[in-house]
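Spelled out, the chains give:
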Amino acid sequence: MVDLFALIFLVASLFMLAGRSITNTITLLTVQALALCLIAFYLGLSTQETNWHMVIVGGLTLVVKVIILPWVFYKLVYKVNLHREVSLSVGLVSSILIGLLLIGLAYGYIVPVLLKDIPVGGHLISAALAGILLGCFFMISRRSALSQLIGVVAMENGLFLCGVAVTGGMPLIIELGIFFDILVGALVMALMTYQINDTFETIDTKFLNKLKG
Amino acid sequence: MFASIQGNIIFIMIAIYLIGAVMPFLFKVNSKMSFITGCIPGSIAGVIGLVLGLAGLFSTDPFGVSFGHVLPGVELMIQIDRLSGFFLSTICLVTFLVSLYSWEYMKIYRQENIAWWSFYYNIFVLSMVFVVTVNNAIAFLIFWELMTLTSYLLVTFEYRSQNVRKAGFVYIVMTHLGTVFIIGAFLIMSNGFGGWGYEVLARNSISLTATEKSWVFLLALIGFGTKAGIVPLNVWLPLAHPAAPSNVSAVMSGVMIKTAIYGMIRLIIDILGPGPTWWGGLVLTLGIISAVIGVIYALMEQDLKRLLAFSSVENIGIILMGIGTSLVFYSLSMPVPAAIALAAGLFHLFNHAIFKSLLFLATGAIYYATHTRNMEELGGLIKKMPQTALLFLIGAISISAMPLFNGFASEYQIYQSLVTISSLRVSGFWSIAGILAAVALALTGTLVAACFVKAFGISFLALPRTQKSAAAREVPLSMRFSMAPLAALCLGLGIFPQVAMNSLLGVVGQLVPGSRVSGVTTYNFNLALLLLATILVLLALSRLLGTPRVRKTATWGCGIETDAAMEYSAASFSQPFRRLYRGLLQPQRKVETKSSLLPYFGYQIYFEEHVKSVLKEFLYRPLRSLTISMSKKWRCIQSGNINFYLGYVFITLIVLLVWVR
Amino acid sequence: MTGKLLIILGQFSFLLLVAPLINGIIKKSKALLQCRRGPSLLQPYFDIIKFLRRESVVSVHTSWLTQLTPIICLASYLVAGSMIPLWQHENLGIGDMIALTYLFAMARFFLALAALEPASAFGGMGSSREMMISSLVEPVMVVGLFSLAATAGTTDINGIMGAGQNPAGLLTFIGLLIVVLAETGRIPVDNPDTHLELTMVHEGMLLEYAGRQVGLLHLAAMIKQVVLLILLIHLFWPQNPNAPVYVALVLIFAKVSFLGLVLAMIESALAKMRLFKLPELMAGGMAFCLLAVLSTYLI
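Residues numbered from 1 in each chain as written. Chains lettered and ligands numbered in written order. Predicted model: local features only at pLDDT ≥ 70, side-chain atom pairs only at ≥ 80, totals over all residues.

Looking only at helices and strands, chain B has 26 helices and five strands in total. Relative to the globule expectation of 26 Å for 661 residues, the C-alpha radius of gyration of chain B, 26 Å, shows essentially globular dimensions. Overall size of chain B, expressed as C-alpha extent along the three principal axes, is 90 × 70 × 60 Å. When the 661 residues of chain B are sorted by exposure, 54% land in the buried category. The long-range share in chain B, meaning contacts at least 24 apart out of those at least 6 apart in sequence, stands at 80%. (Helix = DSSP H or I, 4+ residues; strand = E, 2+ residues; numbered from the N terminus. Rg over C-alpha atoms; globule rule 2.2 N^0.38 Å. Buried ≥ 20, exposed ≤ 12 C-beta atoms within 10 Å, placed from the backbone. Contact = placed C-beta atoms within 7 Å.)

Written out as structure tokens, the structure reads:
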């Protein structure tokens, strides 16, 4: 069951690379977060005695990443009027192929070869690592500032899954801190994006080099 | 001297080839007799060779004949085992028909010296026969060089043209570089042991270290790869094949590049034995790269023979995919799938020899009839030369791997091997690699289909584009007659592939120990039966239901009378692909509009689009400039003074004396 | 032998009879989805019968190839269709998945040749584009089919029945659905309803055909569509092999109609893509299939 959710997570991460439309990307990000929260709930509730830690983490994910962040992003999209396609720095076909390669790397090399000492179920951690790599590549391949923001959140999702996979979740207080962090970070960056749009009439990051003076 | 009856036959075959080489000199240069005496012995010897080859293919014990020691320690001995028998029969089958074909075809070269052509051609074929049958490394190298030299002379047959000379130069430089690597491989293998017979080398190779074995493998791969034309060593192929007369290109593309595959199999599988898995992986990868890149460049060509040359690169890639898969299985010590994969590769090799020589000969027929090979000048030939068109179509269908024909049968076996590699689950890596290789093969298959839809469609269908093709006439009977058996074989092997597969499994059984395969069964006969029956029934039904009235009229051209200028051209057919693979091809487009009076009436458009060869750009050009600049630096030792040169010799002598002691 | 022949004949007649109806269902449901009344479900039958009886107009520039192509197309789709078992699960020994894929390729090969024959620019354009699209589609199809074949360990069609019934199979299914959309010339790839010169691909190739031959080609296209849908059902949603013949046939008809509805919905929801955006669509399909492969082998 966890494997299925991990697969959904992976598919969502990969297909974020496959589209130009930013609203679709946000939807996929939501799906990704939803998969995370399902994983957390499943791990929390499937054991003999309920693991409340996991359930809380899952609930927080649901609130922060599935509800608040997408809402903020959608809001931002409407504000800066960015329904159209974002410009890419890597072509779509090649970015899908590179994405597949990254997944292959995570599954075929990093986890079984580099991390073979870590005694965890392979699938979750591979999916998590692949998620991080894909998020990072997503940031590289998109030029819009909002996409950078989405990429950061996607990477964070991967890190979160990593934490869940390796230790069964970090201590609750740290987890809370991270959630708060990502929420505030995302809000600040959203604000920045809005400002960028105000200044340059676009959020295409290739115009940012005008700031160099 | 000749112990057996086979020995006598071998001797007779060689004698007939030599007669074919020498006889034409006795007649007046271009009399009828010189054509006959040049070509007919070639085909007679071809038949004898074919019989010998088949005998070798099906006999359990190798047979042969010795010519005595030609060099100290080097016994020139022909020994035909199953592998040699297979290659011998392939070579002789193709050259038999090509020799027949040449009889009429060479008449368009009436003004050239036919006697020399016959000499080179027969010696060329004879050297190929020797290459695949001798059992000694030194003799192999000698005949390998002879084969290269004679084929060079054949390529530069029309030496008056600058392009031909250039092509010949590239060819000879590349293949000689390849030979250096082959010599290196043999030297490593025999190092310190002495003896050059294959058996001796095989015994010695057991004591080689793993690193030495890998070096031998790499050197052999590069050396034979140059001759076979794998990417990136294929530069000579698209130059040399179009430069040579079509019948020679048929032999070169159909069988000569296969001798390189023979060398690879002999050296790597027979003599060297199993190696690490990466050998197979490397061969498989090179095969995939050659197949895909070869066919993409083939698709861009307007010259029929260049198109066919690039398609040879692609088919060598497919053959290597079979061999690579087999090497992978071999190193994982799974002899049975290894045998099947190798047999699949050899089967494709044989099929390629057949349909590629058929296509080259048919292209030669087009050239004979129209004096051009440029597709943009052809068109409408299906009406002018219907039988040649049918033969070309059969070749095109076979090479595009359509069911019922032999290309499909062998690619099917390669697909099966790739499925086996991924379903055996030796490791996740190989499972995925198998599927990816199958995808590459599928991609190649569709691109080949596109390529030959273009080749056949543009040159044979629709309206003639120039006067040349409008005035074409069907070629003489002997030319058609020598192509027909090839076409029949295409169909026959497509319907009964198990015949070929099972005898090839016998060949492979000799190479790979412990691979007793009971035989493969195929469904091709049933499929062919059902498909043909369905087509016939549908045709009959269509007749029985009564034919509605058929009106024949010109194609609707939106109010204007259609002419050849409105047809789709070869360049426009491949335009979507050019755009799709622009990263690889880097098309350079130039469009100029010239209007005479008003911008909308009576204007001329000049359009030009070239594709770049990325390999040439990024690999060969830097290499060449590096070589030239290095040579310039070393030029200072060439003083031109004879005393200096004597001094060099003297110094070398002293150094050697001191060093060797 | 006779038994097998009867089975094949049965499959042929099922395909011939059902294919136009499925096309009618797709057309009707598309019309309803777009708030039109649409043609009758039986319209494709009427069309084909009409075409088969019409006078034929043939270009003078053509040869026997043009005459033969419709028959070859129809025959190869029918034979391809008879390889997929509908109610029996005995091995007929006439082919497997690879043969099926290549039979499709053969029909396409001849169609593309015949399109070049009348010397019209539209035919050439259709033929060139069709070959380009097929070079994008076929790799995806092979990766999808081969990943299933490799899990089942055989390329035999009976052997891979239901091989896609697992989470990874879902991904393969989506990939293959994209392939079906492309192969049947449906909307994101090609528009089956348009006769606008600059957008048509499949229709462009048929442009110079008329009368009986165009009827045969339309019928062939419908059969191809049904065969592909049946293939999907066979791989991902097979029925009980022991069911009686009529139950199996009814079930398969219901499933094919359902998939036809899905196709109609997809078609209504999407816009046609530009030709040179197609690599992106196909890369998406490829991504689905390869993900399935990765997740089967690396876990």
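Broken down by element type, chain A carries seven helices and zero strands. In chain A, the succession of helices and strands from N to C terminus is α-α-α-α-α-α-α. Classification of the 213 residues of chain A by burial places 42% in the buried group. Sequence separation of 24 or more characterises 74% of the internal contacts of chain A that already satisfy a separation of 6 or more.

All names here are of chain B. With zero of eight residues buried, strand S4 (residues 588-595) is to be regarded as a mostly surface element. Both S4 and strand S5 (residues 603-610) contribute to a ladder of eight bridges, which runs antiparallel. Among the inter-strand pairings, Gln-588 is bridged to a residue of S5, identified as His-610. (Pairing = 2+ DSSP bridges.)

As a further point, take the UniProt feature "transmembrane region" (unreviewed entry) in chain A. All names here are of chain A. UniProt feature "transmembrane region" (unreviewed entry): in the numbering of this structure it lies at residues 29-45, 52-74, 86-110, 122-140, 146-166 and 178-196. Taken as a whole, residues 52-74 contains 100% helix and 0% strand, while its terminal C-alpha atoms sit 32 Å from one another. For residues 178-196, the helix share is 100%, the strand share is 0%, and the end-to-end C-alpha distance is 26 Å. (UniProt positions renumbered as here; feature names shortened; annotations may be inferred.)

With that settled, consider the pairing of strand S1 (residues 63-71) of chain B. Here six bridges tie S1 of chain B to strand S2 (residues 74-80) of chain B, and the two strands are oriented antiparallel to one another. Opposite His-69 of chain B, over in S2 of chain B, you have Glu-75 of chain B as the bridge partner.

In this section: the nonpolar core. All names here are of chain B. In terms of nonpolar packing, the biggest core is built from 408 residues, with Ala-220, Ala-343 and Leu-358 touching the most fellow members. With 23 residues, helix H13 (residues 335-370) is the largest single contributor of residues to this core. Once you skip the residues sitting within four places of it in the chain, Ala-220 turns out to touch Ile-182, Ala-185, Met-264, Leu-267 and Ile-268. (Core = buried A, V, L, I, M, F, W, Y, C linked by C-beta atoms within 7 Å.)

Between chain B and chain C, the residue contacts involve 60 residues of the former and 64 residues of the latter. Broken down by secondary-structure element, the contributors of at least two residues to the side of chain B that touches chain C are helix H14 (381-384), helix H16 (406-423), helix H17 (428-460), helix H21 (524-544), strand S3 (550-553), helix H22 (570-573) and helix H23 (575-580) of chain B. Per-element tally for the side of chain B that touches chain C: the top contributor is H17 of chain B, with 16 residues. A class-by-class count of the residues in the side of chain B that touches chain C yields 38 nonpolar, 16 polar and six charged. Examined bridge by bridge, S3 of chain B and strand S1 (residues 56-59) of chain C share four bridges and lie parallel to one another. When the bridges of S1 of chain C are listed, Arg-551 of chain B appears paired with Val-57 of chain C. (Nonpolar A, V, L, I, M, F, W, Y, C, P; charged D, E, K, R; others polar.)

Looking at chain A, the pLDDT average stands at 80 and 89% of residues meet or exceed 70. Put simply, helix H7 (residues 172-200) of chain A is where chain A has its lowest mean pLDDT, 76, and helix H2 (residues 22-45) of chain A is where it has its highest, 88. (pLDDT = per-residue confidence, 0-100.)

The next point concerns the domain arrangement of chain B. Per the domain assignment, the segments of chain B are domain 1 (1-190 + 199-205) and domain 2 (614-660). Computed from C-alpha coordinates alone, the two centres of domain 1 of chain B and domain 2 of chain B are separated by 35 Å. (Domains from an automatic or database assignment.)

Okay, unusual backbone geometry next. Residues and elements named next belong to chain B. Residues Val-231 and Pro-232 are joined by a peptide bond in cis, for which omega reads 10°. Along the chain, Pro-232 falls in the loop between helix H8 (210-228) and helix H9 (237-243). A positive phi angle is found at His-371, which is not glycine, with a value near 60°. As for its position among the elements, His-371 is in the loop between H13 and H14. Overall, His-371 belongs to the partly exposed group, with 13 C-beta atoms counted inside 10 Å. The phi torsion at Ala-462 lies on the positive side, around 60°, for a residue other than glycine. In this fold, Ala-462 is placed in the loop between H17 and helix H18 (467-470). Among the residues examined, Ala-462 registers 30 C-beta atoms within 10 Å and is labelled buried.

As a further point, take the environment of Ala-389 of chain B. Residue and element names in this part refer to chain B. Inspection of the secondary structure assignment puts Ala-389 in helix H15 (residues 386-399). Residues Ala-389 and Thr-363 lie 26 residues apart in sequence; the distance between their C-alpha atoms is 10.0 Å. Discounting residues that sit within four places of it in the chain, Ala-389 has contacts with Leu-381, Ile-382 and Phe-460.

Two measures define how a pair of helices packs: the angle their axes make with one another and the distance between the axes. In the contact formed by H17 of chain B and helix H5 (residues 121-152) of chain C, the axes pass within 9 Å of each other and the chain directions differ by 155°. In terms of their interaxial angle, H17 of chain B and H5 of chain C are classed as roughly antiparallel. Of the two elements, H17 of chain B crosses H5 of chain C, and the hand of that crossing is right-handed. Residues Ser-431, Ile-435, Ala-438, Val-439, Ala-442, Leu-443, Thr-446, Leu-447, Ala-449, Ala-450 and Val-453 of chain B of H17 of chain B touch H5 of chain C, and the partners they reach there are Ser-127, Met-131, Ser-134, Ser-135, Glu-138, Pro-139, Val-142, Val-143, Phe-146, Ser-147 and Ala-150 of chain C. (Axes fitted to C-alpha atoms, helices over the stretch in contact; angles between N-to-C directions. Parallel < 35°, antiparallel > 145°, perpendicular 65-115°, else oblique. Left-handed = near helix turned anticlockwise from the far one by under 90°.)

For helix H26 (residues 642-660) of chain B, spanning 19 residues, the distance from its first C-alpha to its last is 27 Å, which sits close to the expected 27 Å at 1.5 Å a residue. Burial analysis of H26 of chain B places just zero of its 19 residues in the buried class, which makes it a mostly uncovered element. (Expected span 1.5 Å × (residues − 1).)

All names here are of chain A. At a minimum axis separation of 11 Å, helix H3 (residues 52-80) and H7 run at an interaxial angle of 0°. In terms of their interaxial angle, H3 and H7 are classed as roughly parallel. Facing H3, whose interface residues are His-53, Ile-56, Val-57, Leu-60, Val-64, Ile-68, Leu-69, Val-72, Leu-76, Lys-79 and Val-80, H7 presents Leu-172, Glu-175, Phe-179, Leu-183, Ala-186, Leu-187, Ala-190, Thr-193, Tyr-194 and Asn-197.

Before going further, it helps to spend a moment on helix H10 (residues 246-272) of chain B. All names here are of chain B. Taking 1.5 Å per residue, 27 residues should reach 39 Å; H10 reaches 37 Å between its end C-alpha atoms and fits that length. Its axis deflected by about 35° at Met-252, H10 carries its strongest bend there. The element H10 is largely enclosed, with a buried count of 26 among its 27 residues. Of the residues flanking the end of H10, it is Gly-273, one or two places downstream, whose phi is positive at about 85°. (Bend = angle between axes of the 7 residues up to and from the residue.)

This part is about the confidence of the model for chain B. Residues and elements named next belong to chain B. Residue-level pLDDT values for chain B average 88, and 98% of them are 70 or greater. Per-element averaging of pLDDT across chain B places S5 at the bottom with 79 and H15 at the top with 95. As scored by the predictor, the complex reaches a pTM of 0.91 and an ipTM of 0.95.

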